[in-house]
Structure formats: C-alpha cells, structure tokens
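# Structural description and commentary
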Amino acid sequence: MEKTIYIGMDVHTTNYTLCAMGVEGRKYFAETQIEPDVKILVKYFKRIQEQHPDTKLMCGYEAGCLGYSLYEQVTAKGYECVILAPTKIPHTQNEIKTDKRDARKIAECLANGTYSKVYVVSDEDNAVKEYIRMRDASKENLKRIKQQIISLCTRHGKHYPGRSYWTQAHLEWLKKVVFDNSLMNETLNEYMITFNYLKDKIERFDERIEELAKQKEYAKKTSMLGCFVGIKTHTALSAVSEIGDFSRFPTATQFASFLGLVPGEQSSGGNQNRKGITKTGNTHLRKLLIEAANCYGRCTTKKSAALKARQKGNDPDVIAYADKANDRMRRKYMRIAMRSKSNIAKCAVARELACYIWGMMNEKIY
C-alpha cells in the first residue's frame, strides 16, 4: 500500500514555512523555511521523495493573499495540492501563533482529514470575478467621495434644501455652490472631478459586465437568476462566477451556510443560545444577496416592467419557480419586519433567496 507524506505550508509573500508529516508515528520532519519560489519548493518535494521512496506527497496551504496562484503552480508540476478554508481549521483558545506552528497544524489537518477544501474556480470564472470585484471597489470609492462632498458642504454652512441627494437637482445645486475662499472652491471642484470620473468609470464597467453576461457559458444562468426580484445582471454574474459549480453543495442549507447566512448557536446543557448569522464564507456574494433581499421590502404583488423584461425568454417553469419564490419572500419580509427589525428580515430573506438560487441552479424547479 502506497504511503502518503503530508506537507503543511504556511505561505506569505516573503517566505514559505514548510513542515512534512508522516502518517506512521505522526512525527514532524523536514521542517524548514524557504524563499517564495516554486522552483525551491519543488526541490524540497523531490528531496523528500528521494529520502522516502514509494510514497506520494500531498501539500496544502490556507487560503489567503496568494489566492489560487501557488495551487496552480504546484499542480502544474504534478503534485497534489489543497487550499484549506481558514475558518474550518481548529484553533485552541490563547494559542501561540507562529509560522512553524501554523505549518504543523496544516500538516495535521491534511493527515487527519480535518479540513474543508476551497473550491478552485476556472480561469475564466476567476477573471470575471476579479473584474466584478474591481467594479465594486470603484463603487465603494464613489460612495466615499459622495460622503466627503456632502460633509464638506455641511461643515461650511452649505445645506442642500431638497430632500434627496445625488439627484439631478442636487447636482445642479452643487454646481452653483460658491465659497468665500478660492481654495475651498478649488477643493470642491477637485472632489466633483473625481466624482464624475468614478461615475463614468462605473457606467463603463457595467456595460462590460452586461457583455460578459451574454457569453455562452454565462447567458442562460444569469438570465435565469434575473427572474428573482432584486437580482440584475451584476448580482447574477457575480453568483455564477464566484460559485462556479453549484452542485458541489449537496443541500440548499449548506449553500446558505457557505455564504454565512445561517444563524450561529452556542448552546450547552439545557440552555439554547441563538446568535446572529455566522458571516463566514463568501463575504462579497453575501453582501450582494442581502442588498437584493432589501428589494423585497419595496416590491408589490404586481410585477414591475424591469422584472418582466428580465424574465422574458426564460423557460415557463423557471419563471413560475421564481414567481413562487418572489411571492413567498415578499410575504416573509413583511411578516418579519412587522414584528422585528428590518435588518433581521433582510438576513432571513437573503438566506431563503440563497436556497432558491441553489434550487434553480441545480434544476430542482421541476
């Protein structure tokens, strides 16, 4: 029977800390620290194989700053590699953390099977995901600029008389704002230049995302997801590119758990202590689904023209499934919001929306 040597790797941009562990005796050996170079890493693997013939190697590292790059480089050399989910690696309270200890712990998790493997998306999905995240980062920058412009005007006694900010009327008002100090006028002008630049940039990104969603590998899935209230092209394409293969989640609950939308619990004895949502897993997609869930607090029983347009051309069974889900989640939002806080209603609806998305992507609609 072929034996396996497990190699834990604590990786950083400055160095790799490596620890090999054999199954027999559970002993650590060949512990070292090397430069972040795959060629040096491969030499380390080959030296272990020379010292321990008739064995196979399995290495792994925590998901972090290196992303999938090290995984792709190692697997290209013919070695088995695993990316471990950091939140699933067991930790003890007040433990001392060092690179060497982390490498040992990863090796133990590989040997014992006490880890959760990170799914590696395709190169195309990864590229789309990074593009969408770039767009969302620009959106956050735009949000900050808006806040800075409003704060600047408020601090210096320039109060907008209208009710809603960033409407056409508000933008026209900003053009007429004049301070006594010329440098203050220059400051506001620079803010507005940045605002207009980011606004135009995001519009260009959104047009490109619409083009990407029409590609053969994404068109059908994004069109299907668009049948739900609150899910437009941006959110739909994000879900498809971030998840990749929806069938890797055996149940809808496990998919919602991956997004961190399930409630936590810390119970002992006869006491039950329910907590808020776990907020583990994919933060980006969880945020988008919560934003989508917010739309159920505003939607009515009558379909909007935009929703009808998104549903047009889809299979009747898909539309019926989405309509049933939309009606149920709208009623659920109202029911929870009436007796509790709207934030709780949004999280509950986002969790249910994730389950419906899982069902649609895994063809559980028939």
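What you see is a predicted model, and the numbers here were worked out from it, not measured in a lab. (Residues numbered from 1 in each chain as written. Predicted model: local features only at pLDDT ≥ 70, side-chain atom pairs only at ≥ 80, totals over all residues. Heavy atoms only, no water.)

What follows is about the overall build of the protein. A tally of helices and strands in the protein yields 13 helices and 7 strands. With the C-alpha coordinates aligned to their principal axes, the bounding extent of the protein is approximately 75 × 60 × 50 Å. Buried positions account for 41% of the 366 residues belonging to the protein. Across the protein, contacts joining residues at least 24 apart in sequence account for 61% of those joining residues at least 6 apart. (Helix = DSSP H or I, 4+ residues; strand = E, 2+ residues; numbered from the N terminus. Buried < 20%, exposed > 50% of the residue type's maximum accessible area, 1.4 Å probe, protein only. Contact = heavy atoms within 4.5 Å.)

Side chains carrying opposite charge are able to pair once their charged atoms draw close together. What the rule picks out here adds up to 15 salt bridges. For Lys-287, the salt bridge identified is with Glu-140, shortest N-O distance 2.9 Å. Placement of the pair is Lys-287 in helix H10 (residues 283-294) and Glu-140 in helix H4 (residues 123-155), with a sequence separation of 147 residues. The partly exposed category is assigned to Lys-287, whose relative accessible area is 41%. Assessed through its relative accessible area of 30%, Glu-140 is described here as partly exposed. (Salt bridge = Lys/Arg side-chain N within 4 Å of Asp/Glu carboxyl O.)

With that settled, consider the packing of H4 against helix H6 (residues 182-213). Two elements in contact, H4 and H6, have axes whose closest approach is 9 Å; the angle formed by their N-to-C orientations is 155°. Regarding the angle of H4 to H6, the classification is roughly antiparallel. Where H4 crosses over H6, the two elements pack in a sense that is left-handed. Considering only residue class, the contact of H4 with H6 consists of 18 nonpolar, 5 polar and 7 charged. (Axes fitted to C-alpha atoms, helices over the stretch in contact; angles between N-to-C directions. Parallel < 35°, antiparallel > 145°, perpendicular 65-115°, else oblique. Left-handed = near helix turned anticlockwise from the far one by under 90°. Nonpolar A, V, L, I, M, F, W, Y, C, P; charged D, E, K, R; others polar.)

With that settled, consider a negative patch on the surface. Residues Glu-72, Asp-123, Glu-124 and Glu-217 make up a contiguous surface patch of negative charge. Here Asp-123 is to be found in helix H4. Accessibility expressed as a relative area gives 58% for Asp-123, which makes it exposed. (Patch = residues over 30% accessible without salt bridge, like charges linked within 9 Å, V, L, I, M, F, W, Y side chains within 5 Å. Areas by Shrake-Rupley, 256 points an atom, 1.4 Å probe, with all protein chains shown as cover. Lys, Arg positive; Asp, Glu negative; His and termini not counted. Charge placed at Lys NZ, Arg CZ, Asp CG, Glu CD.)

On to the sheet that holds strand S5 (residues 80-84), then. The strands making up a sheet associate through hydrogen bonds between their backbones, and the pairing can be parallel or antiparallel. Taken in spatial order, the 5 strands line up as S3-S2-S1-S4-S5 in an open sheet, and their pairing is mixed. Two strands in the sheet have a free side with no partner beyond their single neighbour: strand S3 (28-34) and S5. Here the strands of the sheet are splayed against their neighbours by 20° on average, with no regard to which way each runs. Judged from the 5 bridges that link them, strand S4 (residues 55-62) and S5 form a sheet pairing that is parallel. Of the residues in S5, the one forming a bridge with Cys-59 is Cys-81. Running over the sheet, helix H2 (residues 69-76) touches strand S1 (3-11), strand S2 (16-22), S4 and S5 and is turned about 165° from S5. (Pairing = 2+ DSSP bridges.)

Next up on the list: the pairing of S4. Two faces belong to every sheet, and in a regular strand the side chains alternate between them. The buried fraction of S4 is high, at 6 of 8 residues. Note that the unit made of S4, H2 and S5 has a crossover that is right-handed. (Right-handed = clockwise from strand over helix to strand, strands pointing away.)

Counted by the stated rule, this structure contains 11 aromatic pairs. Ring plane angle 70° and centroid distance 6.4 Å describe the contact between Phe-228 and Tyr-321, whose orientation is recorded as edge-to-face. Here Phe-228, found in the loop between helix H7 (216-225) and helix H8 (233-243), pairs with Tyr-321, found in helix H12 (residues 316-339); they are 93 residues apart in sequence, far enough to count as distant. As far as the burial class goes, Phe-228 and Tyr-321 line up, both buried. Here a set of aromatic residues connected by ring pairs shows up, and it is made of Phe-246, Phe-249, Phe-255 and Phe-258. (Phe/Tyr/Trp six-rings, centres within 6.5 Å; stacked < 30°, edge-to-face > 60°.)

Counting residues in hydrophobic clusters, the biggest one holds 54 residues, and the most contacted among them are Leu-225, Phe-228, Phe-255, Tyr-296, Leu-353, Ile-357 and Met-360. Contributions of two or more residues to this core are made by H4, H6, H7, H8, helix H9 (252-258), H10, H12 and helix H13 (342-361). Of all hydrophobic cores here, the second largest spans 25 residues; its members include Ile-5, Leu-70, Val-74 and Tyr-79. (Core = buried A, V, L, I, M, F, W, Y, C linked by side-chain atoms within 4.5 Å.)

Considering the arrangement of structural elements, one finds Glu-265 in strand S6 (residues 263-265). Classification of Glu-265 as partly exposed rests on a relative accessible area of 45%. Through-space distance from the C-alpha of Glu-265 to that of Lys-275 is 5.4 Å; in sequence the pair is 10 residues apart. Ignoring sequence-local partners within four residues, the contact set of Glu-265 consists of Gln-272, Asn-273, Arg-274 and Lys-275.

Before going further, it helps to examine the state of the cysteines. Enumeration according to the criterion identifies 0 disulfides in this entry. Cys-347 takes part in no disulfide bond, and the closest cysteine sulfur, belonging to Cys-355, lies 14 Å away. (Disulfide = S-S within 2.5 Å.)

Overall, the prediction assigns the protein a mean pLDDT of 92, with 98% of residues at 70 or greater. The weakest mean pLDDT in the protein belongs to strand S7 (residues 274-277) at 81; the strongest belongs to H6 at 97. (pLDDT = per-residue confidence, 0-100.)

Time to look at helix H1 (residues 38-51). Taking 1.5 Å per residue as the helical rise, H1 with its 14 residues ought to reach 20 Å, and the 20 Å between its terminal C-alpha atoms agrees with that figure. When we look at burial in H1, the residues that qualify are Val-38, Leu-41, Val-42, Tyr-44, Phe-45 and Ile-48. The buried residues of H1 occupy one face: seen down the axis, they fall within an arc of 155°. Projecting away from the buried face of H1 at angles above 90 degrees are the exposed residues Lys-39, Lys-43, Glu-50 and Gln-51. Buried residues in H1 make contact with S1, S2, S3, S4 and H2. Its side-chain oxygen placed 2.9 Å from the backbone nitrogen of Lys-39, Asp-37 serves as the N-cap of H1. (Expected span 1.5 Å × (residues − 1). Arc of directions from axis to C-beta. Polar contact = N/O pair within 3.5 Å; in protein donor to acceptor, adjacent residues only side chain to side chain.)

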